[in-house]
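Each chain is listed here by its residues.
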Amino acid sequence: MKKEIIIIGGGIVGSTAAYYLSKSPDLSIRLVDEGIGTATRAAAGIICPWMAQKKNKDWYRLTSSGAGFYRQLMADLRADGINDLPFQVTGTIGLKSRKDLIEKVEKIALDRREDAPVIGQIQQLEKEELLDYLPLLKDEFFGLHLEGGGRVDGGKLLDILHQQFLENGGQIFRQKVGLKDEQTVLVGQEEWTADHILLTAGAWLPDLLGPIGYQVDVRPQKGQLFELDTHFDTENWPVCMPYGEIDILPFSQGRIIVGATHEDDMGYDLELDPDKIQAMRDRSQEFMPQLADFPIARTRIGTRAYTSTYSPFYGQVADQNHLWVTSGLGSTGLTNGPYIGWQIAMEILGKETNFDRTAYTPDNYITKVKN
Ligand SMILES: Cc1cc2nc3c(=O)[nH]c(=O)nc-3n(C[C@H](O)[C@H](O)[C@H](O)COP(=O)(O)OP(=O)(O)OC[C@H]3O[C@@H](n4cnc5c(N)ncnc54)[C@H](O)[C@@H]3O)c2cc1C
């Protein structure tokens, strides 16, 4: 008899796990996704953790490995016959107002390259050299170019993973579900049980586990961004990471994404805030004045999940070997999410991942408070 798997949450983690699990003929898999506020579909798409000045070593180890894992995920999708891939290595440029600040980031990246050769060439760029890469930039910044940085279209990646999952025999249900207990999912009037239940519900994990007696250290953060449709040939432009909150991501066919906000006091709100969008628009024009010539074509809003340590967690709930959870991926979950989903899938399949996940145990974030 086939083993039963239920996955609750079809963002990047749940969908990657579903994709890899569905390659096994011995499993019957149901993926349930409400699809509201999905961070993965709202995300900007930067895959470049190597310039970050965060001191959190656990976060870095996971997220750098996650950025590297994109090459494997794309190779696996290509082997499945997908040619129009959603991830491109375009390079990434960090900007600073002073040369000494760029030298500091360069040192960080050079140190990291010893363990992460995927970073590729690291090059300081003078003001004029920057314009060769990003012609819309004002000529007053200093830059650092990392060859191995890239961009991903999160929505497109989800669509591809879902399609492959369906082709492999998986089933997708578009609705909200709850838990009756650790072994039982409530789907309307029905009760579903399974050999493994994966809770990959992003910022909504507390809503799932709270009613069955768990306290979860996860809070929501609202993120908004906007897109412009320009007439520039942006196909090969690198991702631009200016200082401050915003990033500027050229995608193909002139599409440029500017984002994102990090709003801690808005709960699960998904209303567009025109003032916040305007503030990002003004800020982006301080770096690329010509962006003012284009009206906003689209906006996106999603909910990120944060833990109190700003680190993600994943694995089994204590004493519940068949209940898997993950959350807290924060603002870099598009980078490390596929790797987390793959690891969960490999463990369920009994395969080696060669990655020590002890530092990311859910035990530090999930407590059973009542039976
Ligand atoms: C504006 C913005 C910009 C970002 N930019 C980047 C970036 O450039 N680079 C980067 O690495 N990361 C970025 N991130 C972060 C990244 O998008 C997230 O960390 C990551 O996508 C989280 O994935 P997830 O699978 O954990 O959750 P999600 O993608 O949020 O998916 C969770 C899913 O679970 C579903 N769900 C929840 N509860 C239930 C239930 N009870 N029943 C059924 N379904 C349920 C939800 O509807 C949702 O579809 C950004 C995020 C935002 C919001």
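If you're wondering where the values come from, they're calculated on a predicted model, not measured in any experiment. (Residues numbered from 1 in each chain as written. Predicted model: local features only at pLDDT ≥ 70, side-chain atom pairs only at ≥ 80, totals over all residues. Heavy atoms only, no water.)

## A word on helix 9 (residues 333-348)
Then, number 1: In this model helix 9 runs 21 Å from its N-terminal to its C-terminal C-alpha over 16 residues, within 8% of the 22 Å that 1.5 Å per residue would give.
Then, number 2: With 15 of 16 residues buried, helix 9 is to be regarded as a mostly interior element.
Then, number 3: Two residues or fewer after helix 9 comes G350, characterised by a positive phi angle close to 75°. (Helix = DSSP H or I, 4+ residues; strand = E, 2+ residues; numbered from the N terminus. Expected span 1.5 Å × (residues − 1). Buried < 20%, exposed > 50% of the residue type's maximum accessible area, 1.4 Å probe, protein only.)

## Description of the site of the ligand
Then, number 1: The environment of the ligand is made up of 38 residues, and the closest members are D33, T38, T40, G330 and T335.
Then, number 2: Contacts to the ligand include E34, whose backbone N or O atom sits 2.9 Å from a nitrogen atom.
Then, number 3: Here L334 contributes a backbone N or O atom positioned 3.1 Å from an oxygen atom of the ligand.
Then, number 4: Burial of the ligand by the surrounding chains reaches 97%, relative to a free accessible area of 1000 Å².
Then, number 5: Mapped onto the shell around the ligand, the elements with two or more residues apiece are helix 1 (12-21), helix 2 (39-42), strand 19 (296-306) and helix 9.
Then, number 6: Counting contributing residues, the shell around the ligand receives three or more from each of domain 1 (3-41 + 155-218 + 309-368) and domain 2 (88-150 + 220-305). (Near = heavy atom within 4 Å. Polar contact = N/O pair within 3.5 Å; in protein donor to acceptor, adjacent residues only side chain to side chain. Areas by Shrake-Rupley, 256 points an atom, 1.4 Å probe, with all protein chains shown as cover. Domains from an automatic or database assignment.)

## Description of the UniProt feature "domain: FAD dependent oxidoreductase" (unreviewed entry) in the protein chain
Then, number 1: With numbering aligned to this structure, UniProt lists the feature "domain: FAD dependent oxidoreductase" (unreviewed entry) at residues 5-345.
Then, number 2: Between the end C-alpha atoms of residues 5-345 the distance is 11 Å, and the span holds 31% helix and 30% strand. (UniProt positions renumbered as here; feature names shortened; annotations may be inferred.)

## Side note on the environment of I197
Then, number 1: The topology assignment puts I197 in strand 13 (residues 196-199).
Then, number 2: Residue I197 is classed as buried on the basis of its relative accessible area of 1%.
Then, number 3: C-alpha separation for the pair I197 and W324, spaced 127 residues apart in sequence, amounts to 6.2 Å.
Then, number 4: Residues in contact with I197, not counting those within four places in the same chain, are I6, E182, Q183, T184, V185, H322, L323 and W324. (Contact = heavy atoms within 4.5 Å.)

## Things to note about the side chain of H145
Then, number 1: Residue placement: H145 occurs in strand 7 (residues 142-146).
Then, number 2: Since its relative accessible area comes to 10%, H145 is described here as buried.
Then, number 3: Not counting the four nearest positions on each side in its chain, H145 is found in contact with G91, T92, I93, Q121, I122, Q123, L125 and Y133.

## Focus on the sheet that holds strand 13
Then, number 1: In spatial order, the strands read 9-2-1-13-21-20; together these six strands make up an open sheet with mixed pairing. Since the sheet does not close on itself, it has two edges, and those belong to strand 9 (171-173) and strand 20 (313-317), each with one partner. When the angles between neighbouring strand axes are averaged without regard to direction, this sheet yields 15°.
Then, number 2: Pairing of strand 13 with strand 21 (residues 320-327) involves three bridges; the strand directions are parallel. Looking at the pairing, L198 lines up with W324 of strand 21.
Then, number 3: In the packing of helix 6 (residues 154-167) onto the sheet, contacts are made with strand 2 (27-32) and strand 9, and the angle to strand 9 comes to roughly 125°. (Pairing = 2+ DSSP bridges. Axes fitted to C-alpha atoms, helices over the stretch in contact; angles between N-to-C directions.)

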